[in-house]
Amino acid sequence: MSPPDWVYQAHCYHLYPLGCFHHLSEMHGWLDHLQGLGINVLLLGPVFTSRSHGYDILDPYHVDPRLGDNTTLQQVVEACHRRGIRVVLDAVFSHVSREFWAFRHLRQHLQASPYRAWFHRVSFQKRSRAGDAFSYLGWKGHYDLVKLKLSHPEVKAFQLGALEHWIRTFDIDGIRLDTADCLNTSFMKQVRQRAHRLKRDFWLMGEVVHGDYRRWLAPGLLDAVTNYSLYHALHTAHNAHNYHLLAQTLQAQFGPQGLYAHHWLYHFVDNHDVTRIASLLKNPAQLYPLYLLLYTLPGVPSLYYGSEWGQTGRKRRHSDAELRPRIPHPYAWQPKAHPDLLPVIAQLARLRQGFPVLQRGRWHLLSVSAETLVYLRERGEAQMVVMLNLSTQTQWVNLPTQGPGQWQDLLNHEIIAAKGNSLQCAVSPTWGRILLAG
């Protein structure tokens, strides 16, 4: 199943507004920055009324008062669209807060409440951990997140109504389905049908952590899922100083017989739920080959806010605050640890958007060692070779060719000539090359 055409050119920026902003209108001050990075998709969320972190929903029909109101979001989306930036919102369908109006009614009226059927495993045989006169199912054991019964007709109508409200009111271009791996197939199909009835090129991307992603990419379901498998392989291979580990994942996912050779996944190196990549890498200089990978592999590359400056932050046992810092304005922040990183990411984004072979080309592994990785992107007659070096020493790569010829290094602005049937390249430490044939 193919995503909407615009997704192949997508360069996504993921921003967590409840951490970043005091008010959603501050988003207007970021738009020049996003355009400078070549961003054309903004993943914004969560933004709807919640009790604390945004995923404990109180009212999915209204913007959280901490961020503004519905008019505030309308104005942000309109401003993004004027600049050619599509907007994708976080959609939390599977659970709500204990203060959600239907659950409050259940707590007050108990067996007499008609909403007892809205929630999973409500039983009046024992008390809940929160002291209620009944027990219920919390999302993955979190009892402050009450699991909704999406098979119930009224629940389904309520959530699909919220989706329709978002599209009609805010003119959004897609949604990220939070905890998509907890949603039933029937509900996801109805989400797709309702969304596409209103907007044919609407994009549905789901959060899936484990498993065979094809389960959620079947016809009638989602266009993309979060590629946590690649995320783990990227930082693990760099920290282990071993590209063989990464090559195994890439071959299994994108090779000629790869599981996802004909799918388009959502790729990231950090997000609002995991330790920042600049804190995760043992050698921060490897940020450069890592982002080079992110922008030259098949799929949608996503940049988490602040990481373009090498922002650090660790996931703590009881807090995600370090992952979700307040940054009132991008030009007032910019930590100096990696001043070259932002222009490199902007350059990679331009290359990706300028060459269709990087957007839609097939992927082939050419060679791999512990410290170097070489692969081909190919589409029709167009061929592009990506070379990576994770080590702190210059590495030589010998690439067989079909006779002499010239290759243009788009990353380093060099011309490299093949001699005989071989192309020999020196790849600088923690860097790479992007070679275009001809």
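Use the structure listed above.
For clarity, every value in this text was computed on a predicted model and none was experimentally measured. (Residues numbered from 1 in each chain as written. Predicted model: local features only at pLDDT ≥ 70, side-chain atom pairs only at ≥ 80, totals over all residues. Heavy atoms only, no water.)

Engineer: In this structure, what is going on with the side chain of Arg98? I would like to understand it.
Structural biologist: By secondary structure assignment, the location of Arg98 is in the loop between β6 (95-97) and α4 (101-109). A polar contact of 2.7 Å, which involves the side chain of Arg98, links it to the side chain of Asp132. Residue contacts for Arg98: discarding those within four places in its chain leaves Phe103, Arg104, Arg107, Ala130, Asp132, Tyr136, Tyr143, Asp144 and Val146. (Helix = DSSP H or I, 4+ residues; strand = E, 2+ residues; numbered from the N terminus. Polar contact = N/O pair within 3.5 Å; in protein donor to acceptor, adjacent residues only side chain to side chain. Contact = heavy atoms within 4.5 Å.)

Engineer: Would you mind going over the pattern of salt bridges with me for this structure?
Structural biologist: Two side chains carrying opposite charge are able to pair once their charged atoms lie near each other. Counted by the stated rule, this structure contains 25 salt bridges. One salt bridge connects Glu164 with Arg168, and the closest N-O pair in it is separated by 2.8 Å. In this pair, Glu164 and Arg168 are both assigned in helix α5 (residues 153-170), 4 residues apart and thus about one turn of the helix distant. Salt bridges linked by common partners bring Arg86, Asp171, Asp173, Lys199 and Asp201 together as one network. (Salt bridge = Lys/Arg side-chain N within 4 Å of Asp/Glu carboxyl O.)

Engineer: Whenever I open this one, the pairing of strand β16 (residues 382-389) confuses me. Can you help?
Structural biologist: Burial analysis of β16 places 6 of its 8 residues in the buried class, the great majority of the element. In the sheet, strand β15 (residues 372-379) pairs with β16 via 8 bridges, with the strands oriented antiparallel. For Glu378, the partnering residue across the bridge sits in β16 and is Gln383. Taking the residues between adjacent antiparallel strands as the criterion, β15 and β16 are bridged by 2 residues, where Gly380 takes a positive phi near 60°. Sheet topology places β16 next to strand β21 (residues 431-437); 6 bridges connect them, and they run antiparallel. Counted as the bridge partner of Met384 is Leu436 from β21. (Buried < 20%, exposed > 50% of the residue type's maximum accessible area, 1.4 Å probe, protein only. Pairing = 2+ DSSP bridges.)

Engineer: I would appreciate a short explanation of the packing of aromatic side chains in the present structure.
Structural biologist: The relative placement of two aromatic rings is captured by the distance of their centres and the angle of their planes. The final tally for this structure, using the stated rule, is 32 aromatic pairs. Residues Tyr8 and Trp264 carry aromatic rings whose centres are separated by 5.1 Å and whose planes lie at 55° to one another, so their mutual orientation is tilted. Of the two residues, Tyr8 is situated in the segment before β1 (12-15) and Trp264 in the loop between α8 (243-254) and β12 (266-267); the sequence distance between them amounts to 256 residues. Each member of the pair, Tyr8 as well as Trp264, carries the same accessibility label: buried. These aromatic residues form a ring-pair network of at least three members: Tyr13, Phe21, Trp30, Tyr304, Tyr305 and Trp309. Its guanidinium or amino end placed over the ring of Tyr305, Arg276 lies 5.3 Å from that ring's centre, counting from NZ or CZ. Taking the ring centre of Tyr16 as reference, the NZ or CZ of Arg324 above it sits at 4.5 Å. (Phe/Tyr/Trp six-rings, centres within 6.5 Å; stacked < 30°, edge-to-face > 60°. Lys NZ or Arg CZ within 6 Å of the ring centre and 35° of its normal.)

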